[in-house]
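Residue-level listing of the chains:
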Amino acid sequence: MPQTPSLRGTTDRRVAALVTLLSENATIVISGARIAREIGVSRSTVWRWVEQLRKLGVHVKGQRSTGYFLEKVSDIVTPELLRKRLKGNLFGKRFFHFFKIDSTNRVAMELGYAGEPEGTLVLAEEQTAGRGRAGRSWHSERGTGLYFTLLLRPRLAPVQAPLLTMLSGLSAHAAIQGLTGLTPELKWPNDLLLNGKKVGGILTEMHAEPSVVRFVIVGVGINVNQEKFPPELASIATSLRKESGKMNYRLELLVRLLTQFESDYNRFLREGPSFVVDRFERVSNFVKGRRVRVESGAESYVGTTAGLSPEGLLLILRENGPVLTVIAGDVTEVR
Ligand code: BTN
């Protein structure tokens, strides 16, 4: 298996190994000497790293003289834990993990330009400048949500790239349903809602020539274990925890999502857009018969959703008017 290359700010492989060791022996005290031996560093380095992990919010208890243990099972998505679960999966091979970064999309974009291969995954426990659609920001509290970006190099025309947003929405939908039993609403093109509040979103960006995609990055944010949101988001955002009443294991959600995405992505490349469009129409109640307001640039109008075009664009039957195709813009339900 190729080694994940180093990149400024990524979690040191040995720090990740320390977290994995503690996670796999959660609540059991492990001596600093054993940790040092297993990871191949000095005891004082172990102590220094434990201090760093504490600052990052990892609940490591104990001290130099007694040894260390995790106070509660940590839900950190370390490269080792993910690799073990994603053997053979396109997305388990190149993994850049950050405890804290501005935006995984920003990093993935740079990696794309630097020639990193298809399947590269960038994940952060916390984002300080998470990007949302339409220039908005994405609230990325430490250790509670899933914040990651996939790098893809599909042979597609640029107009087909938005289908990847829809495809990842479908994978996230299936993963959430499988793990929690909750059925989110899939809103075209990139929102996942529970009880009318946003639980997940996808931001796809690409680098393309006029007729061919060079690479696409698909950034996924899912609110998993947040207990509350800042006041400005409280009425519009929710988390799986708030809706299910339980903590959910982020690693498990990610593994399900990536496994599903890999198989759907391959089918899309083999079968073409109809695979995505047909499935989206089956899964999303939003794309037919909903009264919506469309805001696109300076234009704003009300109509009823009328399915998807063969390219995956949303069709709107405008009040007293023609059927229009929405290429971009905000579509919100009018009740
Ligand atoms: C939306 O506005 O609905 C899209 C939100 C996408 C957020 C994710 S979190 C991981 C990735 N990195 C970012 O900076 N944004 C995306």
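Our structure is the block above this text.
Read on for an overview of the structure. If you're wondering where the values come from, they're calculated on a predicted model, not measured in any experiment. (Residues numbered from 1 in each chain as written. Predicted model: local features only at pLDDT ≥ 70, side-chain atom pairs only at ≥ 80, totals over all residues. Heavy atoms only, no water.)

**Focus on the pairing of strand E7 (residues 191-194)**
Item 1. Neither face of E7 is exposed, since Asp191 and Leu193 on one face and Leu192 and Leu194 on the opposite face are all buried.
Item 2. With 3 bridges connecting them, strand E6 (residues 185-187) and E7 associate as antiparallel partners. If you follow Leu186 over to E7, its bridge partner there is Leu192.
Item 3. With antiparallel pairing between neighbouring strands as the criterion, E6 and E7 make up a hairpin whose turn holds 3 residues.
Item 4. Bridge analysis of E7 against strand E8 (residues 197-208) gives 4 bridges, and the strand direction is antiparallel. (Buried < 20%, exposed > 50% of the residue type's maximum accessible area, 1.4 Å probe, protein only. Helix = DSSP H or I, 4+ residues; strand = E, 2+ residues; numbered from the N terminus. Pairing = 2+ DSSP bridges.)

**Some words on the site of the ligand**
Item 1. Neighbouring residues of the ligand: 21 residues in total, closest Ser103, Thr104, Arg131, Arg133 and Lys198.
Item 2. Contact between the ligand and Asn105: a nitrogen atom at 3.4 Å from a side-chain N or O atom of the residue.
Item 3. A distance of 2.7 Å separates an oxygen atom of the ligand from a polar backbone atom of Arg131.
Item 4. Its free accessible area being 420 Å², the ligand has 99% of it covered by the protein chains.
Item 5. Elements with a minimum of two residues in the shell around the ligand: helix H5 (104-113), strand E5 (146-152), E8 and strand E9 (213-222).
Item 6. Here the shell around the ligand takes 4 residues from E8, the largest share from any one element.
Item 7. Taken together, the residues that form the shell around the ligand break down as 6 nonpolar, 11 polar and 4 charged. (Near = heavy atom within 4 Å. Polar contact = N/O pair within 3.5 Å; in protein donor to acceptor, adjacent residues only side chain to side chain. Areas by Shrake-Rupley, 256 points an atom, 1.4 Å probe, with all protein chains shown as cover. Nonpolar A, V, L, I, M, F, W, Y, C, P; charged D, E, K, R; others polar.)

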